Amino acid sequence: MLLRPGSISITISPLKRLQTSQVLECQKYAISTIAINEDTPDDPKLWESIRAGHYQHLIVSPEQLGMCNGHLPRLARSIRQDRSFTRKIHRVHVDEAHNIYTAGLARHGEEAFRPAYGKLGQFRILLPKGTPFQALSATLPPHILAVVKKELMVTPSYLELRLSTNRPNITYATTPLVGSLRNFRNLDFLIPPIFHPPMAIPKTLVFHDCKQDTADAATYLDERLPQNIRNHSIVKHYHSDMSAEYLQKTFEDFSSDDGRCRILHATAGASTGLDIRGVLVVIQYGICKNMAEMVQRAGRAVRDPGLNGLYLAMIEPWALESSLGEDDQDTDGPTDDPDRPWAGTVKKNSSKQDRTGLAALRFAQSEVCLRQFLGEYLDDQSPGGDSGHSDGNSDVEDEVASTNPAKRKRNQLRAMVERQPLLDKLLAWRKRAHAEDPHKSVRPAQWLIDDDGLAL
């Protein structure tokens with residue numbers, strides 16, 4: 001863009017929040033950039049300047065490029081009707097290109113969530129022959145990459161540049177939830193029972209798949225704070241039903257090094273492409289529907305290379321007990337998709353269990369290094385990408401590809417007569433461990449495990 005000032009580049013970007021960040025980043029380099037989405041004013045002078053090429057870089061929602069809700073948006077009409085404008089478009093960048101597969105196409109009985117992503121090939125046909133297309137994503141395992149190349153009509157002579165997504169400063173872990181997702185006591189560990197300044201809560205991002213849960217979980221954790229600091233924006237929630245002003249203020253607060261917000265409960269909108277400094281912990285509260293989304297969410301952790309962080313997937317009991325045998329599935333659809341739903345084909349009223357992808361379930365049930373599992377899923381063959389683990393286990397391919405692993409048994413509880421001796425031993429261990437802690441004056445014993453946790 002800097003070397004060819006007379007041309008226009010288009011970046012297709014999925015979210016308004018991400019588009020705003022990209023506009024600001026380009027402006028740092030004196031690249032005239034504008035975001036075009038449903039909120040762009042229908043101002044004749046503005047659109048005249050866009051068509052004249054006054055903006056070198058257009059960051060657009062995919063819905064602005066073709067028929068949407070029965071009409072052609074202003075940008076789509078300009079591309080079809082103004083050939084002088086179309087000839088100025090020299091490059092197209094598809095950011096977060098995995099959305100072509102995850103959101104743009106009907107799959108396994110589910111309708112496309114954002115069908116405009118599945119029609120980008122039609123947009124390409126409207127541009128001058130040979131216009132370069134670039135597909136960008138950190139989540140392009142082989143089955144998704146194949147779909148992206150097909151839908152964008154990528155020629156066999158394309159150039160592929162691949163960087164490893166294996167980040168050694170992230171620790172991956174899973175843990176079972178106690179009870180249902182509505183049992184927010186599962187998140188008690190985020191707020192110590194005896195909390196007071198100068199204790200610091202690490203910047204934490206908690207992902208939920210239900211908007212109501214983001215608000216309710218944030219309220220629950222806020223009430224665990226000392227009364228004098230409740231309702232002080234230390235714990236907040238973030239989802240698309242909130243006002244634009246609230247979302248902007250919350251994002252700025254959480255992303256700022258000096259912001260008050262330390263724990264943000266969010267839906268998928270915060271998982272795509274947003275660089276938020278200083279996030280040390282990312283929690284997926286409930287299993288992700290597919291691995292592609294999980295990888296995106298895990299990638300929000302420790303964007304700063306000098307920090308170490310944690311991605312923790314908190315998994316419902318049914319996901320740990322689901323049989324993964326082919327006999328349990330309707331396999332009428334394609335079976336070469338590791339993200340195909342557990343039920344094979346889903347319906348409008350299908351449960352979350354039926355909709356959850358096999359790869360996500362295998363990740364939850366994996367007994368091998370999770371970093372290795374991710375390397376296998378992403379086909380990451382870089383050093384450490386599929387072998388960055390210490391156990392030397394070489395059976396991960398068989399584990400991932402297994403069609404009939406043994407069904408997990410439900411955990412058995414101890415007999416009542418055995419529980420009190422165990423509780424006594426845990427309390428004695430907590431007391432000894434706390435006595436040996438050099439920072440015990442600011443880290444109470446309950447930080448190791450609180451009494452409610454022992455009761456669980």
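Conventions adopted
Residues numbered from 1 in each chain as written. Predicted model: local features only at pLDDT ≥ 70, side-chain atom pairs only at ≥ 80, totals over all residues. Heavy atoms only, no water. Pairing = 2+ DSSP bridges. Helix = DSSP H or I, 4+ residues; strand = E, 2+ residues; numbered from the N terminus. Axes fitted to C-alpha atoms, helices over the stretch in contact; angles between N-to-C directions. Contact = heavy atoms within 4.5 Å. Core = buried A, V, L, I, M, F, W, Y, C linked by side-chain atoms within 4.5 Å. Buried < 20%, exposed > 50% of the residue type's maximum accessible area, 1.4 Å probe, protein only. Domains from an automatic or database assignment. Phe/Tyr/Trp six-rings, centres within 6.5 Å; stacked < 30°, edge-to-face > 60°. Lys NZ or Arg CZ within 6 Å of the ring centre and 35° of its normal.

Participant: Which parts of the structure should I look at to understand the sheet that holds strand β6 (residues 170–176)?
Facilitator: Strand-to-strand pairing in sheets goes through backbone hydrogen bonds, with the strands running parallel or antiparallel. Reading across the sheet, the six strands line up as β6-β11-β10-β7-β9-β8 and stay open at both edges, with parallel pairing between neighbours. Of all the strands in the sheet, the pair left with one neighbour each is β6 and β8 (235–238). Adjacent strand axes in the sheet meet at a mean angle of 20 degrees, parallel and antiparallel pairs treated alike. Across four bridges, strand β7 (residues 204–207) lies against strand β9 (residues 263–266) in parallel orientation. Considered in β9, the bridge of Val206 is made with His265. Sheet strands touched by helix α9 (residues 244–255): β7, β8 and β9. Its angle to β8, the strand with the most contacts, is close to 130 degrees.

Participant: Any chance you could explain the nonpolar core here in plain terms?
Facilitator: Soluble globular proteins: nonpolar side chains tend toward being buried together. With 72 residues, the main nonpolar core has Ile12 and Leu58 as its most contacted residues. When residues of this core are assigned to their parent elements, the largest contribution, six residues, is made by helix α13 (residues 358–365). Domain assignment of the residues forming this core places at least three in each of domain 1 (8–152) and domain 2 (170–326 + 337–385 + 432–447). What Leu58 contacts, discounting residues up to four positions off in sequence, is Ile8, Ser9, Ile10, Thr11, Ile34, Ile36, Ile50, Leu75 and Phe85. By size, the runner-up hydrophobic cluster in this structure holds 22 residues, among which are Phe184, Ile191, Ala217 and Val281.

Participant: When you look at the sheet that holds strand β3 (residues 57–60) in this model, what are you seeing that I'm missing?
Facilitator: Pairing is parallel in the open sheet, where five strands are placed in the order β2-β3-β1-β4-β5. Edge positions in the sheet fall to β2 (33–36) and β5 (133–135), since each of these pairs with one other strand and no more. Averaged over all neighbouring strand pairs, the angle between strand axes comes to 20 degrees, with direction disregarded. Summarising the sheet, strand β1 (residues 8–12) and β3 pair through four bridges and their orientation is parallel. Bridging across to β3, Ser9 finds its partner in His57. Of the strands in this sheet, β1, β2 and β3 touch helix α2 (residues 44–51), which is tilted by about 120 degrees from β2.

Participant: For this particular structure, what's the right way to read the packing of aromatic side chains?
Facilitator: Two measures describe an aromatic ring pair: the distance that separates the ring centres and the angle between the ring planes. Per the stated rule, a full pass over the model turns up five aromatic pairs. Taking the centre distance of 6.2 Å and the plane angle of 45 degrees together, the rings of Phe184 and Tyr220 count as tilted. Taken together, the residues span a long stretch of sequence, with Phe184 in the loop between β6 and β7 and Tyr220 in helix α8 (residues 211–222) at a distance of 36 residues. The partly exposed category is assigned to Tyr220, whose relative accessible area is 24%. Ring plane angle 35 degrees and centroid distance 6.2 Å describe the contact between Phe184 and Tyr285, whose orientation is recorded as tilted. Placement of the pair is Phe184 in the loop between β6 and β7 and Tyr285 in strand β10 (residues 281–285), with a sequence separation of 101 residues. This pair shows no difference in class: Phe184 is buried, exactly as Tyr285 is. Among the aromatic side chains, those forming a connected cluster through ring pairs are Phe184, Tyr220 and Tyr285. The ring of Tyr101 carries the charged tip of Arg107 above its face, separated from the ring centre by 4.2 Å. Taking NZ or CZ as reference, Lys203 lies 5.4 Å from the ring centre of Phe254, over its face.

Participant: In this structure, what is going on with the environment of Ala435? I would like to understand it.
Facilitator: Relative to the elements of secondary structure, Ala435 occurs in helix α16 (residues 416–435). According to the relative accessible area criterion, Ala435 is partly exposed, its value standing at 47%. C-alpha separation for the pair Ala435 and Ala445, spaced ten residues apart in sequence, amounts to 8.6 Å.

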